[in-house]
Amino acid sequence: MWLSKAFFLGAIMLAACGFTPAYAPGGGGTALQNTVLAAEPRDKPAFDLVERLEERLGPSDSPLYGLSYRIALNPVGLGITPDNAVTRYSLIGVVEWELTDVTTRARLTGGKIENFTSYSATGSTVAGLAAQEDAAQRLMRIIADQIVSQLLATSGQWAAAARPVTE
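My aim in this report is to walk through the structure given alongside it, one point at a time. As the structure is a computational prediction, the values presented were derived from the model and not from experiment.

**Things to note about the nonpolar core**
- With 29 residues, the main nonpolar core has L49, L99 and I147 as its most contacted residues.
- Elements that contribute at least two residues to this core include exactly β1 (36-38), α3 (44-57), β2 (65-80), β3 (86-101), β4 (107-120) and α4 (125-162).
- Of the residues forming this core, the biggest block, 11 residues, is contributed by α4.
- Here I147 is in contact with L49, L53, V95, W97 and I113, once residues within four sequence places are set aside.

**Section: the sheet that holds β4**
- Here 4 strands make up an open sheet; going across it, the order is β1-β2-β3-β4 and the pairing mixed. The open sheet has two edge strands with one neighbour each: β1 and β4. Strand-to-strand twist across the sheet, computed as the mean angle between neighbouring axes with direction ignored, equals 25°.
- Pairing geometry for β2 and β3, over 15 bridges, is antiparallel. Of the residues in β3, the one forming a bridge with Y69 is W97.

**A word on empty space enclosed by the protein**
- If you walk through the whole model with that rule in mind, you get 1 cavity of 30 Å³ or more.
- Computed from the structure, the largest cavity encloses a volume of approximately 40 Å³.
- Taken together, V36, A38, L53, E54, L57, G58 and L67 make up the lining of the largest cavity.
- With 3 residues, α3 is the largest single contributor of residues to the lining of the largest cavity.
- Of the residues belonging to the lining of the largest cavity, the class tally is 5 nonpolar, 1 polar and 1 charged.

**Considerations on the pattern of salt bridges**
- Counting across every chain of the model gives 8 salt bridges.
- For R107, the salt bridge goes to E98, with nearest N and O atoms at 2.9 Å.
- For D134, the salt bridge identified is with R138, shortest N-O distance 3.0 Å. Residue D134 and its partner R138 are both found in helix α4; the two are separated by 4 residues, about one turn of the helix.
- On the accessibility criterion, D134 (37% relative accessible area) is partly exposed.
- Assessed through its relative accessible area of 32%, R138 is described here as partly exposed.
- Through salt bridges with shared partners, a single network forms among R52, E55, R56, R141 and D145.

**Regarding the packing of aromatic side chains**
- Evaluation of the coordinates by the stated rule reveals 1 aromatic pair.
- Look at Y89 and Y119: their rings are 5.4 Å apart centre to centre, the planes differ by 15°, and that puts the pair in the stacked class. Of the two residues, Y89 is situated in strand β3 and Y119 in strand β4; the sequence distance between them amounts to 30 residues.
- With a relative accessible area of 25%, Y89 lands in the partly exposed category.

Calculation criteria
- Residues numbered from 1 in each chain as written.
- Predicted model: local features only at pLDDT ≥ 70, side-chain atom pairs only at ≥ 80, totals over all residues.
- Heavy atoms only, no water.
- Core = buried A, V, L, I, M, F, W, Y, C linked by side-chain atoms within 4.5 Å.
- Buried < 20%, exposed > 50% of the residue type's maximum accessible area, 1.4 Å probe, protein only.
- Helix = DSSP H or I, 4+ residues; strand = E, 2+ residues; numbered from the N terminus.
- Contact = heavy atoms within 4.5 Å.
- Pairing = 2+ DSSP bridges.
- Axes fitted to C-alpha atoms, helices over the stretch in contact; angles between N-to-C directions.
- 1 Å grid on protein atoms, 1.4 Å probe; cavity = no way out; pocket = protein on both sides within 12 Å on 5 of 7 lines; lining within 4 Å.
- Points joined across faces, edges and corners; volume = space filled by probe spheres on them.
- Nonpolar A, V, L, I, M, F, W, Y, C, P; charged D, E, K, R; others polar.
- Salt bridge = Lys/Arg side-chain N within 4 Å of Asp/Glu carboxyl O.
- Phe/Tyr/Trp six-rings, centres within 6.5 Å; stacked < 30°, edge-to-face > 60°.

Below, the structure is given as structure tokens:
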């Protein structure tokens, strides 16, 4: 009984503070669905980033917003054997991104995301290259998810100003 009262009280408190679920009708998530066009990818990490952004935001045939980005990847050796062979790498990724209004080219929001993932360099050369490629793909998916989270969290601040509501 007390659990249902606590749930009810929590729901009232969330409603009172102005909390709106991102994917509720009128929420920031629905405003972003199928409206963001990421810049054309020019390499494998960019392709992985754009692929994940489109998975999360949907493809855009008639975009309202453009997303530009710059990717920097830096492998750093972590595990070193006594004979100076690197056995483990940390892949550090930095993506600077910016969301603009397609018609006015005005900057709406942007930021810089940093994250990392690791991979093993033991085994054959082919296995090491496959592990490196997999780590880069995982890293781009992680960073794309962080970009979407920031877009969802801030969309209430810029979406209304970017597109006046006409009803």
